[in-house]
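# Structural overview
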Amino acid sequence: MRILFLTTAHNSLSQRLWIELCERGHDIRVCIAAAPEAMIDAVARETPDFILAPMLKIAIPEEILSRHLCLIVHPGIKGDRGPSSLDWAIANGEKHWGVTILEAAAEFDAGAIWASHEFALPGDAVTKSSLYRDQVTEAALRGVLEAIARIESGESRSGAWQPQKLADAAPMARGRLRPPMRQADRTIDWSRDKTAAIVRKIRAADSAPGVLATLLLGQTCFLYGAHEEDRLQGSPGQILAQRDGAICIGTIDGAVWISHLKAKEEADGAFNPTVGVKLPAAQVLGPLLRSVPKASLPIDAPADHRTFREIVYTEEADVGYLSFDFYNGAMSTSQCTRLRDAFLHARSRPTRVIVLLGGADFWSNGIHLNVIEASPDPAAESWHNIHAMDDLIFEVLNTMSHLVIAGLRGNAGAGGAMMALAADRVFARSGIVLNPHYRSMGDLYGSEYWTYALPRRVGQKRAQELTLSCKPIGARTACEIGFLDDAFGENAVAFVAELKERAKRLAQDPEFRAMLRRKHERRLDDESVKPLAVYRAEELERMRVNFFGPDPAYHEARRRFVFKGNPQPRGGRVPVLAAAEGTSWFPARAAARAGARVPSAP
């Protein structure tokens, strides 16, 4: 069937549905529904068999509803209505929630029910964004496939089956009409709220809209990324410590870490690059944290208490596990540097296998566009960030003492997807979405040694197709083309359990030394044909033009991304090509640094 998606954004849910339906032979067209006129034009142009709205914030015009079957993916249980379904579910501590496939109607979420699937909420640790990407997406897929099967079978047309009217479902349903959740519903009272309540409020607003709060330092910000802390204590509302960009705030019964803030617009309208940008908390507060102590925590410290940690290293027998959980998968210059140092630590250990285990929601999405946008010089910060990514990946590519496994529990995009290819084995959870391309960000070329790592896995022709088409791919297709070695596990827990078994078997394999030798020989052969330093220099020369050249496409696209389509002015600064040449990050110097001798195999 030809199915038209009307969606406010082609996000992780709509991309997953697009992938699954395309793989089943359906012809899917996507319309970013910014206005009613865009929807009307798309329907007239595409002539769909039916319309699906995976995530839509505006009403479908009556002109479309009267002529076409339109199904809405609503992230709520049967009978639930309103735009804040997940917010209320988390805030109220619901034990079970669900997704309902509704027929679009003039009244929001009041149409007939075509399918409904429930799931257990995974405890207090869940955030709205992680719930949406995981349980909601899986339930939505099941519901959409069920609805499509009914359409294709003709059950609804023949009268053998009819969608359930809301009025008939309501008496037996747990769901009800709920108002939009406002900031007044999310208010934090530092003098009364316990840690668990504060964390729940922030997680119910993550990653949008955040919880608006005034810190004791006088700053009014939106709060994101809450983590309980059960050792540090201090006055409620007081900032007690900072770690890796996050701040720890005292509560009446302990403390809470806040990883990210978004500053409110200043009353005087003065330009401040951090206003309106979600950033690491320490970057927003800046000099205000000068007297706040840093609570350092080694990456291999025991996980014996609740706290905030971005990078964790553990060992099980001959396998080292390096977990990195960066907010929304974005990796700033400092995060790349810390992860590289952590990887070097893992490589120094007497283990055989290193497993790079990204976060549960994201493996990585590449360079940190928000941090770049808020920096005094975005072009220069882009340059530093991509070099830090390359430095990390260079070490993974040149690891001859261990076999390296990339374990993708969550989605990956852009340079983050390419980073995984530096490993010797690349495994992923079934159902993840990959976006191995850069061009949609203002025709960005990309680095991360992708011109070396991607073709050696999928071939030169396929590498060009992936990077030029800018289309998402699913785990099944990624395995078929060689991007992934395998995909397994119905959820993150099952994936990690199987991944550990595979890592253990690989470390104990009698052919382990022979595998290391073959790896080393291949790296030497590849280096003799074309050194990694040349790949890096060629990629960075293209990116230097993206960052510092006369075409502002990358900078404009980045601002649209950061400000959700409403970019803020930056005082008219224009990047200059020559700006990079006076720094230590100029490509020629970087290439020399990357051209280190390939280490000998053990």
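Everything that follows concerns the structure shown earlier in this document.
This report concerns the structure included in the present document.

### Quick word on the overall build of the protein
When its secondary structure is counted, the protein shows 22 helices and 22 strands. On C-alpha atoms alone, the protein measures out to a radius of gyration of 25 Å, which is about the 25 Å that the 2.2 N^0.38 rule sets for 602 residues. C-alpha atoms of the protein, sized along the principal axes, occupy 70 × 55 × 55 Å. Scored against the burial criterion, the 602 residues of the protein give a buried share of 55%. Accessible surface, the protein: about 25500 Å² in total, of which carbon and sulfur atoms supply 51%. Taking the average location of the 73 positive side-chain charges in the protein and that of its 72 negative ones, the two points are 2 Å from each other.

### Things to note about helix 19 (residues 512-529)
Between its terminal C-alpha atoms helix 19 stretches 26 Å, which fits the 26 Å expected from 18 residues at 1.5 Å a residue. What helix 19 keeps buried is the set Phe512, Ala514, Met515, Leu516, Lys519, His520, Arg523 and Glu527.

### Brief notes about the pattern of salt bridges
Taken as a whole, this structure holds 44 salt bridges when the rule is applied. Across the pair Arg231 and Asp304 runs a salt bridge, and its minimum N-O distance is 3.1 Å. Of the two residues, Arg231 sits in the loop between strand 8 (220-229) and strand 9 (239-243) while Asp304 sits in the loop between helix 10 (281-285) and strand 13 (311-316), which places them 73 residues apart along the sequence. Taking the shortest distance from any N to any O, the salt bridge between Asp341 and Arg340 comes out at 3.1 Å. Exposure remark for Arg340: the relative accessible area of 21% places this residue in the partly exposed category.

### Points about the packing of helix 1 (residues 12-23) against helix 5 (residues 128-153)
Running from N to C, helix 1 and helix 5 cross one another at 40°; their axes reach a closest spacing of 10 Å. Looking at the two axes, helix 1 sits oblique to helix 5. Classified by chirality, the crossing of helix 5 by helix 1 is right-handed. From helix 1, Ser12, Leu13, Arg16, Leu17, Glu20 and Leu21 reach across to helix 5, where they touch Tyr132, Arg133, Thr137, Glu138, Ala140, Leu141, Val144, Leu145 and Ile148. Residues that form the contact of helix 1 with helix 5 fall into these classes: 9 nonpolar, 2 polar and 4 charged.

### Focus: the sheet that holds strand 20 (residues 433-435)
Taken together, 4 strands build an open sheet; the order of strands is 16-18-20-21 and the sheet is mixed. The sheet is open, and its two edges are formed by strand 16 (362-364) and strand 21 (473-474), each paired on a single side. Where strand 18 (residues 411-413) meets strand 20, 2 bridges bridge the pair, whose relative direction is parallel. Paired with Gly413 across the two strands is Asn435, which belongs to strand 20.

What counts as what
- Residues numbered from 1 in each chain as written.
- Predicted model: local features only at pLDDT ≥ 70, side-chain atom pairs only at ≥ 80, totals over all residues.
- Heavy atoms only, no water.
- Helix = DSSP H or I, 4+ residues; strand = E, 2+ residues; numbered from the N terminus.
- Rg over C-alpha atoms; globule rule 2.2 N^0.38 Å.
- Buried < 20%, exposed > 50% of the residue type's maximum accessible area, 1.4 Å probe, protein only.
- Areas by Shrake-Rupley, 256 points an atom, 1.4 Å probe, with all protein chains shown as cover.
- Lys, Arg positive; Asp, Glu negative; His and termini not counted.
- Charge placed at Lys NZ, Arg CZ, Asp CG, Glu CD.
- Expected span 1.5 Å × (residues − 1).
- Salt bridge = Lys/Arg side-chain N within 4 Å of Asp/Glu carboxyl O.
- Axes fitted to C-alpha atoms, helices over the stretch in contact; angles between N-to-C directions.
- Parallel < 35°, antiparallel > 145°, perpendicular 65-115°, else oblique.
- Left-handed = near helix turned anticlockwise from the far one by under 90°.
- Contact = heavy atoms within 4.5 Å.
- Nonpolar A, V, L, I, M, F, W, Y, C, P; charged D, E, K, R; others polar.
- Pairing = 2+ DSSP bridges.

Any link to function would need more than the numbers given here.
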